Amino acid sequence: MKKPTNLLGAGIAIGVVFGVAISNIGLGIALGLAIGASMSYSQTKENKIDGPP
């Protein structure tokens, strides 16, 4: 199963949508960047532990 590699972009997109919902796009982008970076880091950490398929 192929895992997604562009988690940072997905996090920013989710943050922008959240920011529009709360009428504060700057906060949404910052939160999306933090969430995307943490998802990306955890994904690379899992790949290093599991090794190649």
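This one's a predicted model, so the numbers in the text were calculated from it and none came from an experiment. (Residues numbered from 1 in each chain as written. Predicted model: local features only at pLDDT ≥ 70, side-chain atom pairs only at ≥ 80, totals over all residues. Heavy atoms only, no water.)

Notes on the environment of Gly9
Here Gly9 lies in helix H1 (residues 7-21). By relative accessible area, which is 34% here, Gly9 ends up partly exposed. Once the C-alpha coordinates of Gly9 and Gly36 are considered, the two residues, 27 residues apart in sequence, prove to be 6.9 Å apart. (Helix = DSSP H or I, 4+ residues; strand = E, 2+ residues; numbered from the N terminus. Buried < 20%, exposed > 50% of the residue type's maximum accessible area, 1.4 Å probe, protein only.)

Focus on the environment of Gly19
Here Gly19 shows up in helix H1. Each C-alpha atom of the pair Gly19 and Ala30 lies 9.3 Å from the other, and the pair is eleven residues apart in sequence. Setting aside residues no more than four positions away along its own chain, Gly19 makes contact with Asn24, Ile25 and Gly28. (Contact = heavy atoms within 4.5 Å.)

Observations concerning unusual backbone geometry
Excluding glycine, a negative phi dihedral is what most residues carry, and trans is how most peptide bonds are arranged. Of note in this structure, Ser23 is not a glycine but carries a positive phi near 60°. As for its position among the elements, Ser23 is in the loop between H1 and helix H2 (25-50).

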